[in-house]
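Inside the fold
Each chain is listed here by its residues.
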Amino acid sequence: MKNQSTRREILKGSLAWAGLSVLGIPEWALPALAEGETLVPFTDLPENMNLTPAPDRRIIDIRKIDGPFTSKDEFFTTQHYGHPEVDPATFRLKVTGLVERPKSLSLAELRKMGSAELVAGFECSGNRRPLQGLSGNGRWTGLPLKEVLDSAGVKNSAREFVFFGADHGEEEIEWRTQKFKLDQQFGRSLPREKAMSGEPFLAYALNGDPLTRHQGSPLRLIVPGWYGVANVKWLTQIHVQEEQYLGKFQARWYRTLKGEMVDGEMKWKETAVTHMQLKSFIARVTRDGNQYKVLGVVLNDGTPLKSVEVRVDQDPWQPAAMDPHTRQKYSWKLFTYIWNGATPGEHTLVSRVTDITGKVQPTAEDLENKKSFLEDNSQHPRKVVIS
């Protein structure tokens, strides 16, 4: 009865779990390997994966997910200008532009303004098969961006909020036939409605500890439900302006090129990389005697989910059970499927997620008109061999 009561409370507490199956799972548990469980290797992964391909790159091994939060030393990281060193003792966050009261805030002053928590998971917009390791989930400590903006007094004419990091480097910028070498600072922007919504978050800690250099110490932006590129690390300045911001990583670098049929004719257009597309993937398969357990991950923009399903070979789709430790709106969502009756030989497993608006995770064929590799949220078939 205790277990049933716990499930009722969990389901009652969040509409996001409406319609999700919780049958057939004897206990709610964190996804760490249980005693007696052994990993079933994916045959589509390289034997020797390099999880740190460069000093400023780190990929998590999704097969080793052991709880709802990714540790600070494993959380993925990728950026364009390396890891700048910013001294927390002398750090200042500048708020400039169309504000009544420009600011220059120390870390201590930001801490005095608020200490809230946000659970948010996200992925790099370039996260894709076969590794899927540019993803993670964290418990962030900081304060809502809106509190800082309100203290500065945003003017009515403000429309664009630009966030600059301390990371920078020399770039060659081409304009028609002319080329310019410039020192480019990493920057991204948010429109007024999003910046002032109360959701964007200024984080100075991850999972209870100060941010590491890899994670943007001493301060970073978190835009819940958006791809990682929006979560500017080593945040040093917020500049409020009226005109649209067209920096390199906003206007040219992080764009998706896709063709759509409009009135019977193919139209090609570029769209900005912003909120995460609905996605799930299988992270690992384990064996305990004759029973196999499939663990997977869902990432999306926070829209409540309707269902997550797993399919083995060409068998019918089967409902998966959600881990309630990851039920927060912007958390990644972990799911489990118990695979009974597995037969010897090679098998293909795939997951798909559907949200409450009826949107279904697409197949690779559904995305065949997408020419850029960013925002690949297609269903990801994985292969295992049962001996």
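A short tour of the structure in this document, coming up. Since this is a predicted model, take the numbers as computed values, not measurements. Here the residue numbering is sequential within each chain, running from 1 through the sequence in written order. Where local features are concerned, this predicted model is filtered to residues with pLDDT of at least 70; where side-chain atom pairs are given and counted, the filter is 80 or more; whole-chain, interface and lining totals use all residues. Hydrogens and water are ignored here; the side-chain numbers use all heavy atoms of the structure.

Some thoughts on the pattern of salt bridges
Here is the rule: By definition, a salt bridge exists where a carboxyl oxygen of Asp or Glu is found within 4 Å of a side-chain nitrogen of Lys or Arg. In this description a helix means any DSSP run of H or I spanning at least four residues, a strand means any run of E spanning at least two, and both kinds are numbered starting from the N terminus.
All chains considered together, the criterion is met by 15 salt bridges. Its salt-bridge partner being Glu199, residue Lys329 comes within 3.7 Å of it at the nearest N-O pair. Taken as a pair, Lys329 in the loop between β18 (321–322) and β19 (333–339) and Glu199 in the loop between α4 (192–195) and β8 (201–206) lie far apart in primary sequence, 130 residues in all. Taken together, the shared-partner salt bridges connect Lys194, Glu199 and Lys329 into one network.

Regarding the pairing of strand β4 (residues 116–123)
Regular strands show a simple pattern: their side chains alternate between the two faces of the sheet. Filter applied, for reference: Summary of the burial criterion: residues with accessible area below 20% of their type's maximum are buried, those above 50% are exposed, and those between are partly exposed, where the area comes from a 1.4 Å probe applied to protein chains only. Should DSSP find at least two bridges between two strands, the strands are taken to pair.
When you tally the buried positions in β4, you get six out of eight residues, the bulk of the element. The pairing of β4 with strand β5 (residues 135–144) spans eight bridges and is classified as antiparallel. Bridging across to β5, Gly121 finds its partner in Asn137.

Considering the sheet that holds strand β14 (residues 279–288)
Judged by pairing direction, the sheet is antiparallel, and its five strands sit side by side in the order β1-β14-β15-β19-β18 without closing on themselves. The outermost strands of the open sheet, each flanked by one partner alone, are β1 (38–40) and β18. Pairing of β14 with strand β15 (residues 291–299), which is carried by nine bridges, proceeds in the antiparallel orientation. In the sheet register, Lys279 faces β15, and the bridge partner there is Leu299.

Side note on the nonpolar core
Convention followed: Nonpolar cores are built from buried Ala, Val, Leu, Ile, Met, Phe, Trp, Tyr and Cys residues. Side-chain atoms within 4.5 Å join them into one set. Two residues qualify as a contact provided that any one of their heavy atoms is within 4.5 Å of a heavy atom in the partner residue.
In terms of nonpolar packing, the biggest core is built from 65 residues, with Trp140, Phe161, Phe163 and Leu202 touching the most fellow members. It is β8 that provides the largest number of residues to this core, a total of six residues. Filtering out sequence-adjacent residues up to four positions away, Leu202 remains in contact with Leu93, Thr141, Gly142, Leu143, Leu145, Val148, Leu219, Arg220, Leu221 and Leu235. Counting residues in hydrophobic clusters, the runner-up holds 22 residues, among them Val312, Phe335, Val384 and Ile386.

Focus on the layout of surface pockets
Any empty space left between atoms is shown by rolling a water-sized probe over those atoms. Here is the rule we go by: Here a cavity is any set of points on a 1 Å grid over the protein atoms alone where a 1.4 Å probe fits but cannot get out, and a pocket is any open set with protein on both sides within 12 Å along at least 5 of 7 lines; a residue lines the site when it has an atom within 4 Å of a point. Grid points are joined across faces, edges and corners, and a volume is the space filled by probe spheres set on the points.
Approximately 510 Å³ is the volume attributed to the largest pocket. Together, 30 residues line the largest pocket, and Thr78, Gln79, His80, Cys124 and Tyr254 are the ones closest to its centre.

Considering the packing of aromatic side chains
Here is the rule we go by: Stacked, edge-to-face and tilted are the three classes for Phe, Tyr and Trp ring pairs, Trp counted by its six-membered ring, which pair at centre distances within 6.5 Å; planes under 30 degrees apart are stacked, over 60 edge-to-face, the rest tilted.
Counting across every chain of the model gives 11 aromatic pairs. Judged by centre distance (6.2 Å) and plane angle (25 degrees), the ring pair of Phe122 and Trp140 falls under stacked. Taken as a pair, Phe122 in strand β4 and Trp140 in strand β5 lie far apart in primary sequence, 18 residues in all. For the pair Phe122 and Trp140, a shared accessibility class is recorded, and that class is buried. Ring plane angle 35 degrees and centroid distance 5.1 Å describe the contact between Phe186 and Phe249, whose orientation is recorded as tilted. Taken together, the positions of Phe186 in strand β7 (residues 178–191) and Phe249 in helix α5 (residues 248–251) put the pair 63 residues apart, joining distant regions of the chain. Overall, the relative accessible area of 2% leaves Phe249 in the buried class.

Thoughts on the environment of Asp150
Residue placement: Asp150 occurs in helix α3 (residues 145–152). Beyond its immediate chain neighbours, meaning those up to four positions away, Asp150 contacts Arg101 and Met196.

Quick notes on the sheet that holds strand β17 (residues 318–319)
Here we have four strands laid out as an open sheet, ordered β17-β16-β20-β21, and antiparallel in their pairing. Taken across any chain shown, the strands that pair with only one partner, and hence form the sheet edges, are β17 and β21 (382–386). Note: strand β20 (residues 345–355) against β21, five bridges, orientation antiparallel. Counterpart to Thr348 in the pairing with β21 is Lys383.

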